[in-house]
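Structural features, examined
Listed below are the residues making up each chain.
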Amino acid sequence: MNNVFGLDIGTRNVVGTVGYQTDDKEFVVTAQYVREHETRAMLDGQIHDIGRVAKTIKEVKDELEKQTGQPLEEVCIAAAGRVLKTVTTHVEYEYAQESVVTGEYVHTLELLGIEKAQEALKEVNDTSYKFYCVGYSTVKFFLNDEVFISLEGHKANKIGEDIIVTFLPEDVVDGLYAAVGQAGLSVANMTLEPIAAINVAIPENYRMLNIALVDVGAGTSDISITRDGSIIAYGMIPHAGDEMTEVIVQHFLVDFNMAESIKLQSTTSDTVTYKDIMSIEHTIPAQDVWDVAAPVVDNIAQEVSAKIRELNGDKTVSACFVVGGGGKIHGFTEKLAEDLDLPEERVALRGEEVLGDVTFEQEDIKKDPLLVTPIGICLNYYDQRNNFIMVRFNGERIKLYDNNRLTIVDAALQAGFSNDELFPKRGTPINFTVNGVARLVRGEAGEGAVVTMNGKPASINTPLEPNSEIVIEPSKAGEAAVYKISQLDEYNHSVITFVINGRKVSCPRFVQVNGRLEPEDYSIRENDVIETRNYYTVRQIAQFMDLVIDTDQMIFVNNEEADLDTLVYENFSVEWKTDEYGVARIDNNNYNDTQESDSDDASVLAEQDANSTESDNTVTRTSEQMMNQVLDELHDEFAKEAEASAVPENELPKNDIQEEIHEEDSSENTVTVIVNGEPVELSGKDTYIFVDIFTHISFDLQAGKGRAIATVINGRDAQFSEELHEGDQIELYWKEN
């Protein structure tokens, strides 16, 4: 025997019920206790003073624990409020092949309907409220496009349903959760008050009729409409019993609690006895109270009838049932019948007759309309138990279908948290070309999302706990890629060689970016077009070698007369006479960089002029210093070179260039895995984990619709954080419930 604990947290009272359902669907109430709020801590069905409401709930809980002799830790509740929104929508689910409809498929269908209703509400919400789903009802089921009463157990290619989803502002729900939590309880199930009431007051065999149910409480009047075997609408108005009590307060000069007593006495006795604020005792006929409350009763009846007509397509209903303590006030049902254009016998209080399948073990409890909603809250647990769990994700309360495999990543996806913010992100990459070959340099690896559950560190694979508080700080992107010309292989290891006075001289290639010469410390940018120059001018060769050419003597390039601006290509020969050598070091016909550098500049071979008397000079100069000098002096000159002066491309010496896209960081590890039968190459990191594949494949992580992700490596279930290895066989897909 597993008892269910239900709380009807009303504007005036908190009604606690503990009981269980038997195999033949009878509900046995083992304990029940009613406690009034000491102050007006709730108005119109919404909690205003959380602490005081929590205190009342705690008193009810303690009393019921005393009656049952067992601890109560979880509770079922129902929400109400003046700003109720309902959305009716149709949703379908199509199987890949004909399948047997299971309970999980039906729950998945309901979840799809809730999600669709939420999206529809977002589009039309013209208020500042953020709405939360508090309940739903199926209007009709469809099996292969035909209307069915129940889907489970049938074979189908396609299933569907019309569903009504109800929403209340999130602060209403938050207030309920906070009050229950302060009383030492956690929420096992939540529904809407009219849903709870109609499940008791209007049995399914009555729902073929067009019937309205009105639950008149203290702060709100909740309305439900049935027709053609289904619940077709829910509504709520902020007019109820407290308005009658307030009129009694003013007329009889009493406090609110005494006015409540007067109102209740007038429904059960011909006379009413009370004390006013002057401590004077009065005894009056109940008729006097009825007369005072009559204008308010008339107004509430008019508001309720107008709402019923609105929900029912601007027409009246066939009959109306009234439950709740506020509905027992004299004259209410008669006035409501008048406003609905119904005979008086078709508008009636429902109490004992609808509680026929309810047994009270406490002999002193009388079956009453006041008890319909509390019993309905308990029964709703059996209708929707274990379907959903509720958690708070980054401050927003969300509801998830509980398949017993939920993890934090499921909550993140349900909340619409971007997978880009969930998994580590690299910094902005740089795409560019070098001599027409595409290159990619990735940004630095980022930091993963920081995940906590109930204030403790967690991971995206941590199992969800009901009513837990989940906070995810989005992942941070790494530093953007930074790459300089000096890091290019073409700059460091690609040289151009000339024959100067019969000796080979090797010089680094000049680098041109977007048609403009740039120095080695230039930071490459997105879509830069980089080319290495395949020529020098005579002047540039001399400046690079730090030589002064005797311009009074002839200069020859490939045995043809030339000048300082003549272009010199790979393996061209140059003959000149020099006036003097500068600071270049000549040693065994090698022109060397005698200073170590990170780029390991190529040595330059040079000839010693036979006429020079300064061959013993040993002053050292680095390639970098000379390169910067050449660039500084000749930047503008290169920009102005005439296109006509270049040798046609088909006459130039050819270099063997392997055209391939590669990443510049040779220390990074590349791993190839098979994902759903297709090879995927992972690159850019030393090691890789399962989530890294999401940055290399197209997979919509928000398309689950209540289904779990299957993550399989080499035929076994895997975690998102599991390391990947070369050749791993990976399967990734949505599980069918």
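Read on for an overview of the structure. All figures in this text were calculated on a predicted structure; none of them were measured in a lab.

**Comments concerning the pattern of salt bridges**
Tallied over the entire structure, the rule returns 21 salt bridges. The shortest N-O distance in the salt bridge between Arg 52 and Asp 49 comes to 3.2 Å. Close ionic contact of Asp 341 with Arg 309 constitutes a salt bridge, the shortest N to O distance being 3.0 Å. Taken together, the residues Asp 341 in the loop between α8 (332-339) and β18 (347-349) and Arg 309 in helix α7 (residues 286-311) connect sequence positions 32 residues apart. Residue classification places Asp 341 among the exposed residues on the basis of a relative accessible area of 61%.

**Points about a nonpolar patch on the surface**
A surface patch of nonpolar side chains, amounting to about 410 Å² of accessible area, comprises Leu 253, Ile 277, Met 278 and Ile 280. Within the secondary structure, Met 278 is located in the loop between β15 (271-275) and β16 (281-285).

**With respect to the packing of aromatic side chains**
Under the counting rule described, the total for this entry stands at nine aromatic pairs. Ring geometry for Tyr 93 versus Tyr 105: centroids 6.0 Å apart, planes at 40°, classification tilted. Linking Tyr 93 in strand β7 (residues 85-100) with Tyr 105 in helix α2 (residues 103-124), this pair joins segments that are twelve residues apart in sequence. We classify Tyr 105 as buried; its relative accessible area is 11%. Both rings, one in Phe 252 and one in Tyr 274, keep their centres 5.5 Å apart while their planes meet at 70°; by these two values the pair is edge-to-face. Taken together, the positions of Phe 252 in helix α5 (residues 241-252) and Tyr 274 in strand β15 put the pair 22 residues apart, joining distant regions of the chain. In this pair, the class of Phe 252 matches that of Tyr 274, namely buried. An aromatic cluster is defined as three or more aromatic residues linked by ring pairs; in this entry it consists of Tyr 93, Tyr 95 and Tyr 105.

**What to know about the environment of Glu 36**
Among the structural elements, Glu 36 can be located in strand β3 (residues 27-36). Note on Glu 36: relative accessible area 35%, which makes it partly exposed. In the structure, Glu 36 is positioned 22 residues away from Val 14 in sequence and 6.2 Å away in space, judged by C-alpha atoms. With residues near it in sequence (within four places) discarded, Glu 36 still touches Arg 12, Asn 13, Thr 56 and Asn 257. A distance of 3.4 Å separates the side chain of Glu 36 from the side chain of Arg 12, its partner in a polar contact.

**Observations concerning the packing of helix α1 (residues 50-68) against helix α3 (residues 170-182)**
One way to put it is that α1 packs onto α3 with a least axis distance of 8 Å and a crossing angle of 50°. With respect to each other, α1 and α3 are oriented oblique. Handedness of the crossing formed by α1 with α3: right-handed. On α3, the residues touching Ile 50, Gly 51, Val 53, Ala 54 and Ile 57 of α1 are Gly 175, Ala 178, Ala 179, Val 180 and Gln 182. Considered class by class, the residues forming the contact of α1 with α3 number seven nonpolar, three polar and no charged.

**Here we look at α8**
Most of α8 is tucked away, with six of its eight residues classed as buried. All buried positions along α8 are accounted for by Phe 332, Thr 333, Lys 335, Leu 336, Ala 337 and Asp 339. Of the surrounding secondary structure, the elements contacted by the buried residues of α8 are β12 (211-216), α7, β17 (319-323) and β18. Asp 341 occupies a position one or two residues after α8 and carries a positive phi of about 60°.

Basis of the calculations
Residues numbered from 1 in each chain as written. Predicted model: local features only at pLDDT ≥ 70, side-chain atom pairs only at ≥ 80, totals over all residues. Heavy atoms only, no water. Salt bridge = Lys/Arg side-chain N within 4 Å of Asp/Glu carboxyl O. Helix = DSSP H or I, 4+ residues; strand = E, 2+ residues; numbered from the N terminus. Buried < 20%, exposed > 50% of the residue type's maximum accessible area, 1.4 Å probe, protein only. Patch = residues over 30% accessible without salt bridge, like charges linked within 9 Å, V, L, I, M, F, W, Y side chains within 5 Å. Areas by Shrake-Rupley, 256 points an atom, 1.4 Å probe, with all protein chains shown as cover. Phe/Tyr/Trp six-rings, centres within 6.5 Å; stacked < 30°, edge-to-face > 60°. Contact = heavy atoms within 4.5 Å. Polar contact = N/O pair within 3.5 Å; in protein donor to acceptor, adjacent residues only side chain to side chain. Axes fitted to C-alpha atoms, helices over the stretch in contact; angles between N-to-C directions. Parallel < 35°, antiparallel > 145°, perpendicular 65-115°, else oblique. Left-handed = near helix turned anticlockwise from the far one by under 90°. Nonpolar A, V, L, I, M, F, W, Y, C, P; charged D, E, K, R; others polar.

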